[in-house]
Amino acid sequence: MFTTDTTNKFKDLETPFYYYDMGILRQTLEACTNASAKYGFHVHYAMKANFNPKVLDMIQSFGVGADCVSGNEVKAAIDHGFDKGKVVFAGVGKSDKEINFALDADIFCFNVESVQELHIINDLAKAKNKKANVAIRINPNVDAHTHHFITTGLDENKFGVNIWQLPDVANALRECPNLQFLGIHFHIGSQITDMEVYKSLCTRINEMQDWFEDHGFPVKVLNTGGGLGVDYHNPDTNGMADFESYFEVFKNFLNVKPGQEVHFELGRAMVAQSGSLISRVLYVKNGQKKNFLILDAGMTELIRPMLYQAYHDIENLSQESKPSIKYDVVGPICESTDCFRKDVDLPESFRGDLIAIRTAGAYAEVMASGYNLRDKVQSVYSA
Ligand code: LLP
């Protein structure tokens, strides 16, 4: 919900832009770090969710680590002051250039996704006379019960090594003197709100750590990945991800041995509710079958609805009356798929009205594109 003051400030600004409520971001980070600290858990922020510089600075100030998926993310994490001893580098296709960069930066750990990658990191580390810390990303074949485009932990997904490949992983680790095995890594998907899914993940992690220990590899780090979801339908009344229940599941169901560290890589849950995409109505088109609100923001600024059929709450900030008309809320891009949602209940809306698309702090600004040679989307921040 935006205060009248905030909406008044928007009136003078050029749209579209991302608006970040730094108060909400701070409260969310406090809730997350307090809930994890209760059990001594280590949180890494999954930078891919949002690497807006001011957002990164605020997150870094909470002392969390960084989960990166490219050499540039590793660089951005270090440039923004994240402790390099808390930087992990994941990704199914790390290039030699990126691996070399991360080796030079002395990051904490590579989350390795294949047997071949183990050998490559070993060779590159050897050339530098270094030893690289590695965790093995295991594909646990646990269904995240989320949208199939953002499910990652099934056998059919490209991520991680499958359980039947573990003997090859063990052989590779024995053959690679420039690797130091630290632990095991998992990530089964994103926007997960059913805690039962995480219980199943804990069971699988317990089995996997036993496997490694039985084969002579002590497991120091259990990295459970990320995925905790947020409420896209009720950003005001349920604006905080359920960090308490989430960490409690791992506390209760993960078999943590003395000296072991438990790591998490949360992205969406930390940033989603602090961001909104603010746009203006350019045209209202009343048809016989449909009414269209044509906004000055489109799939080039926020692609989630078009890519994953994702729901985002849409509000008219300029009209106070109750919703009375159904509109298809669309963007200006020359693609029929450039539609934020069909049949959205809104008050009667007019050219120039300000429209807020909520819960757009994660996988939103970072996924913007220059298609149609659009301007780069701007950002505005609350104090
Ligand atoms: N760790 C790994 C290895 C990941 O691949 C991801 C996200 C995360 C952690 C953080 O997940 P989170 O806590 O944010 O769910 N663009 C999609 C989401 C893609 C997620 C990719 N991986 C969306 O807009 O829904």
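Calculation notes
- Residues numbered from 1 in each chain as written.
- Predicted model: local features only at pLDDT ≥ 70, side-chain atom pairs only at ≥ 80, totals over all residues.
- Heavy atoms only, no water.
- Phe/Tyr/Trp six-rings, centres within 6.5 Å; stacked < 30°, edge-to-face > 60°.
- Helix = DSSP H or I, 4+ residues; strand = E, 2+ residues; numbered from the N terminus.
- Buried < 20%, exposed > 50% of the residue type's maximum accessible area, 1.4 Å probe, protein only.
- Pairing = 2+ DSSP bridges.
- Right-handed = clockwise from strand over helix to strand, strands pointing away.
- Domains from an automatic or database assignment.
- Contact = heavy atoms within 4.5 Å.
- Buried area = accessible area lost by both parts, 1.4 Å probe.
- Salt bridge = Lys/Arg side-chain N within 4 Å of Asp/Glu carboxyl O.
- Polar contact = N/O pair within 3.5 Å; in protein donor to acceptor, adjacent residues only side chain to side chain.
- Nonpolar A, V, L, I, M, F, W, Y, C, P; charged D, E, K, R; others polar.
- Core = buried A, V, L, I, M, F, W, Y, C linked by side-chain atoms within 4.5 Å.
- Arc of directions from axis to C-beta.
- Near = heavy atom within 4 Å.
- Areas by Shrake-Rupley, 256 points an atom, 1.4 Å probe, with all protein chains shown as cover.
- Axes fitted to C-alpha atoms, helices over the stretch in contact; angles between N-to-C directions.
- Parallel < 35°, antiparallel > 145°, perpendicular 65-115°, else oblique.
- Left-handed = near helix turned anticlockwise from the far one by under 90°.

1. Describing the packing of aromatic side chains
Move 1: Taken as a whole and judged by the stated rule, the model has 21 aromatic pairs.
Move 2: Both rings, one in Phe89 and one in Phe110, keep their centres 6.0 Å apart while their planes meet at 40°; by these two values the pair is tilted. Of this pair, Phe89 sits in strand β4 (residues 87-89) while Phe110 sits in strand β5 (residues 109-112), and the two are 21 residues apart along the sequence.
Move 3: For Phe89, a relative accessible area of 0% puts it in the buried group.
Move 4: On the basis of relative accessible area, Phe110 is assigned to the buried category, the value being 2%.
Move 5: With a centroid separation of 5.0 Å and 75° between ring planes, the pair formed by Tyr198 and Tyr246 is classed as edge-to-face. With a gap of 48 residues between them, Tyr198 in helix α8 (residues 195-214) and Tyr246 in helix α9 (residues 243-253) connect regions that are remote in the sequence.

2. A closer look at the pairing of strand β10 (residues 261-266)
Move 1: In terms of burial, β10 is a largely internal element, five of the six residues being buried.
Move 2: As defined by bridge partners, strand β2 (residues 42-46) adjoins β10 across four bridges and the pair is classed as parallel. Paired with Tyr45 across the bridge in β10 is Leu266.
Move 3: Sheet topology note: the strand β9 (residues 221-223)/β10 ladder contains three bridges and is parallel. What sits directly across from Asn223, in β10, is His263.
Move 4: Remark: the β9/α9/β10 crossover connection has right-handed handedness.

3. Points about the domain arrangement of the protein
Move 1: On domain assignment, one finds that the protein holds domain 1 (4-17 + 273-381) and domain 2 (23-272).
Move 2: Centre-to-centre separation of domain 1 and domain 2, based on C-alpha positions: 33 Å.
Move 3: With 21 residues of domain 1 in contact, the opposing surface of domain 2 contributes 23 residues.
Move 4: Buried surface at the junction of domain 1 and domain 2, both sides included, amounts to about 2100 Å², of which 53% is carbon and sulfur.
Move 5: Taken together, domain 1 and domain 2 are joined by one salt bridge.
Move 6: One salt bridge connects Asp236 with Arg358, and the closest N-O pair in it is separated by 3.0 Å.
Move 7: Counting the contacts that link domain 1 with domain 2 gives 14 residue pairs in polar contact (both at pLDDT 80 or more).
Move 8: Where the side of domain 1 that touches domain 2 is concerned, the elements lending two or more residues are α11 (304-308) and β17 (378-381).
Move 9: When residues of the side of domain 1 that touches domain 2 are assigned to their parent elements, the largest contribution, three residues, is made by α11.
Move 10: Each residue belonging to the side of domain 1 that touches domain 2 can be placed in one class, and the counts come to eight nonpolar, eight polar and five charged.

4. Some words on the nonpolar core
Move 1: With 104 residues, the main nonpolar core has Phe110, Ile184, Phe212, Phe247 and Met270 as its most contacted residues.
Move 2: The greatest single-element share of this core, amounting to eight residues, is contributed by α8.
Move 3: Built from parts of two domains, this core gets at least three residues from each of domain 1 (4-17 + 273-381) and domain 2 (23-272).
Move 4: With residues near it in sequence (within four places) discarded, Met270 still touches Leu25, Thr28, Leu29, Cys32, Val43, Tyr45, Ile59 and Val64.
Move 5: Judged by nonpolar contacts, the second largest core, of eight residues, contains Tyr19, Ile278, Leu317 and Ala356.

5. Points about the side chain of Asn206
Move 1: For Asn206, the location among the structural elements is in helix α8.
Move 2: Ignoring anything within four residues of it in the chain, the contact list for Asn206 reads Phe253, Leu254 and Asn255.

6. Quick look at helix α7 (residues 166-175)
Move 1: Among all positions in α7, only Leu166, Val169, Ala170, Ala172 and Leu173 are buried. Looking straight down α7, one finds that the buried residues subtend no more than 165° of arc, so they occupy a single side. Exposed positions of α7 whose direction lies more than 90 degrees from the buried face are Arg174 and Glu175.

7. Concerning the site of the ligand
Move 1: In the vicinity of the ligand, 18 residues are found, and the nearest of them are Ser190, Glu265, Arg304, Tyr308 and Tyr363.
Move 2: Backbone polar atom of Gly227 to an oxygen atom of the ligand: 2.8 Å apart, as the coordinates give it.
Move 3: At 2.7 Å, a side-chain N or O of Tyr308 approaches a nitrogen atom of the ligand.
Move 4: Here the ligand, which alone exposes 580 Å², has 91% of that area covered by the protein.
Move 5: When contributions to the shell around the ligand are tallied by element, the ones reaching two or more residues are β10 and α11.

8. Structural notes on the side chain of Gln273
Move 1: Of note, Gln273 is situated in the loop between α10 (268-271) and β11 (275-286).
Move 2: Accessibility expressed as a relative area gives 10% for Gln273, which makes it buried.
Move 3: Apart from residues lying up to four places away in sequence, Gln273 is in contact with Ile24, Val230, Asp231, Pro235, Asn238, Gly239 and Thr359.

9. Focus on the packing of α7 against α8
Helix-helix packing is described using two parameters, namely the angle between the two axes and the distance between the axes.
Move 1: Viewed as axis vectors pointing N to C, α7 and α8 meet at an angle of 45°, and their least axial separation amounts to 11 Å. Judged by the inter-axis angle, α7 sits oblique to α8. For α7 against α8, the interelement crossing comes out right-handed. Residue-level inspection shows Leu166, Pro167, Val169, Ala170 and Leu173 of α7 in contact with α8, the latter providing Met208, Trp211 and Phe212.
Move 2: Classifying every residue of the contact of α7 with α8 by side-chain character gives eight nonpolar, no polar and no charged.

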